[in-house]
Amino acid sequence: MVTLTDFQQLIAQQRLCSNTLPKALQALFYDKKGDWDKAHEIVQNASDNDSAWVHAYLHRKEGDLSNARYWYRRSNQPDFTGDLNQEWEEIAASLLKNVSTFG
């Protein structure tokens, strides 16, 4: 299993994300790199719950709370009200449970 620390180290070491990662994790990668637009582009047309969860986080980060609430409902996740960094870490840690390697 890939850990949150492993993922954070990958982000620190690489400029581009591997296309072998699930779209939701690719979006979190680019968000952490400071590319909100790229992150949003990756998840905006995805139909899976994980991508919807990241989509909700991105809109909350943007300050569009009504849109974020819509995406939280689509993802079957509760609205998050805490720190954005904490939410990013919680989403990443949850999604990484299903990843065995970076590619």
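See above for the structure.
Residues numbered from 1 in each chain as written. Predicted model: local features only at pLDDT ≥ 70, side-chain atom pairs only at ≥ 80, totals over all residues. Heavy atoms only, no water.

K.L.:
Please provide a residue-by-residue account of the packing of helix H1 (residues 4-13) against helix H6 (residues 84-96), values included.
P.N.:
Remark: H1 packs on H6, axes separated minimally by 9 Å, with the N-to-C direction vectors making an angle of 110°. Classified by the angle their axes make, H1 and H6 are roughly perpendicular. Across the interface between the two elements, Leu 4, Phe 7, Gln 8 and Ile 11 from H1 touch Trp 88, Glu 89, Ala 92, Ala 93 and Leu 96 from H6. Within the contact of H1 with H6, the residues separate by chemical class into seven nonpolar, one polar and one charged. (Axes fitted to C-alpha atoms, helices over the stretch in contact; angles between N-to-C directions. Helix = DSSP H or I, 4+ residues; strand = E, 2+ residues; numbered from the N terminus. Parallel < 35°, antiparallel > 145°, perpendicular 65-115°, else oblique. Contact = heavy atoms within 4.5 Å. Nonpolar A, V, L, I, M, F, W, Y, C, P; charged D, E, K, R; others polar.)

K.L.:
Explain the packing of aromatic side chains to me, using residue names and the numbers behind them.
P.N.:
Tallied over the full model, the rule gives three aromatic pairs. Here Phe 7 and Trp 88 contribute two aromatic rings whose centre-to-centre distance is 5.8 Å and whose plane-to-plane angle is 10°, an arrangement assigned as stacked. Residue Phe 7 is located in helix H1, and its partner Trp 88 is located in helix H6; the two are separated by 81 residues in the primary sequence. For the pair formed by Phe 7 and Trp 88, the shared burial category is buried. Measuring from centroid to centroid gives 5.1 Å for Tyr 70 and Trp 71, while their planes differ by 85°, and the two rings are edge-to-face. One cation-aromatic arrangement involves Lys 32 over Trp 88; the distance from NZ or CZ to the ring centre is 4.4 Å. Here the guanidinium or amino end of Lys 38 rests over the ring plane of Tyr 30, the centre of that ring lying 5.3 Å away. (Phe/Tyr/Trp six-rings, centres within 6.5 Å; stacked < 30°, edge-to-face > 60°. Buried < 20%, exposed > 50% of the residue type's maximum accessible area, 1.4 Å probe, protein only. Lys NZ or Arg CZ within 6 Å of the ring centre and 35° of its normal.)

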